[in-house]
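Residue strings, one per chain:
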Amino acid sequence: YVKMPQLCGGRFPDIDNFKDRWDIIIVDGDYRDECAQYALPTLKPGAYLILDNYKQETVWPDWPLTEELIKGMPLMLFVEVGHWDSWTTAVIQKP
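Model, not experiment: these values are computed from the prediction. (Residues numbered from 1 in each chain as written. Predicted model: local features only at pLDDT ≥ 70, side-chain atom pairs only at ≥ 80, totals over all residues. Heavy atoms only, no water.)

### Notes on the pairing of strand E1 (residues 22-27)
Relative to strand E2 (residues 43-51), E1 runs parallel, the two being bridged by five bridges. Considered in E2, the bridge of Val-27 is made with Leu-51. (Pairing = 2+ DSSP bridges. Helix = DSSP H or I, 4+ residues; strand = E, 2+ residues; numbered from the N terminus.)

Given below as structure tokens:
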């Protein structure tokens, strides 16, 4: 588990130091488009990007940059049955 404070929201570390380094990255919080944009190049080929509350109306319904970045990548959706909101977690595999 690695937590990098201020990773998203406008302050990114030098991405070249992290390229193809991680097996799994979980995005949960604000600045989701920006975090996905940063996370994808740092994932190893075949690694996973997990997006919590994916397209959830009450959290952050529109992710235009993320949608463009993951276009054509394998996508699995996990929906919590019986939740009052459309609680969905997306798992994307980087080619």
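Here the narrative resumes.
### Focus on the sheet that holds E2
Within the open sheet, the four strands sit side by side as E1-E2-E4-E3. Their pairing is mixed. Each edge of the open sheet is held by one strand with a lone partner, namely E1 and strand E3 (75-79). Recorded for the sheet is a direction-independent mean angle of 15° between the axes of neighbouring strands. Where helix H1 (residues 32-42) meets the sheet, it contacts E1 and E2, and its direction lies at approximately 160° from that of E2. (Axes fitted to C-alpha atoms, helices over the stretch in contact; angles between N-to-C directions. Contact = heavy atoms within 4.5 Å.)

### So, the packing of aromatic side chains
Going through the model one piece at a time under the given rule, you end up with one aromatic pair. When the ring of Tyr-54 is compared with that of Trp-63, the centres are 5.3 Å apart and the planes differ by 85°; the resulting orientation is edge-to-face. Residues Tyr-54 and Trp-63 agree in their burial class; the two are buried. (Phe/Tyr/Trp six-rings, centres within 6.5 Å; stacked < 30°, edge-to-face > 60°. Buried < 20%, exposed > 50% of the residue type's maximum accessible area, 1.4 Å probe, protein only.)

### Description of the nonpolar core
Counting 19 residues, the largest nonpolar core has Ile-25, Leu-43, Leu-49, Leu-51 and Ile-92 as the members making the most contacts within it. Mapped by element, the contributors of at least two residues to this core are E1, H1, E2 and strand E4 (88-93). With five residues, the top contributor of residues to this core is H1. Leu-49 has contacts with Ile-25, Val-27, Ala-36, Ala-39, Leu-40, Leu-43, Ala-90, Val-91 and Ile-92, leaving out every residue within four places of it along the chain. (Core = buried A, V, L, I, M, F, W, Y, C linked by side-chain atoms within 4.5 Å.)

### Side note on the confidence of the model for the chain
When pLDDT is averaged along the chain, the result is 81; 81% of the residues meet or exceed 70. Within the chain, the element-level pLDDT minimum falls on H1, averaging 86, and the maximum on E2, averaging 95. (pLDDT = per-residue confidence, 0-100.)

### A short note on the environment of Tyr-48
On the secondary structure map, Tyr-48 appears in strand E2. The partly exposed category is assigned to Tyr-48, whose relative accessible area is 28%. Linking Tyr-48 and Gln-93, residues 45 residues apart in sequence, is a C-alpha distance of 4.6 Å. Every residue in contact with Tyr-48, bar those within four places of it in the chain, is listed here: Asp-23, Ile-24, Ile-25, Leu-43, Met-76, Val-91, Ile-92 and Gln-93. Among the polar contacts made by the side chain of Tyr-48, one reaches the side chain of Gln-93 at a distance of 3.4 Å. (Polar contact = N/O pair within 3.5 Å; in protein donor to acceptor, adjacent residues only side chain to side chain.)

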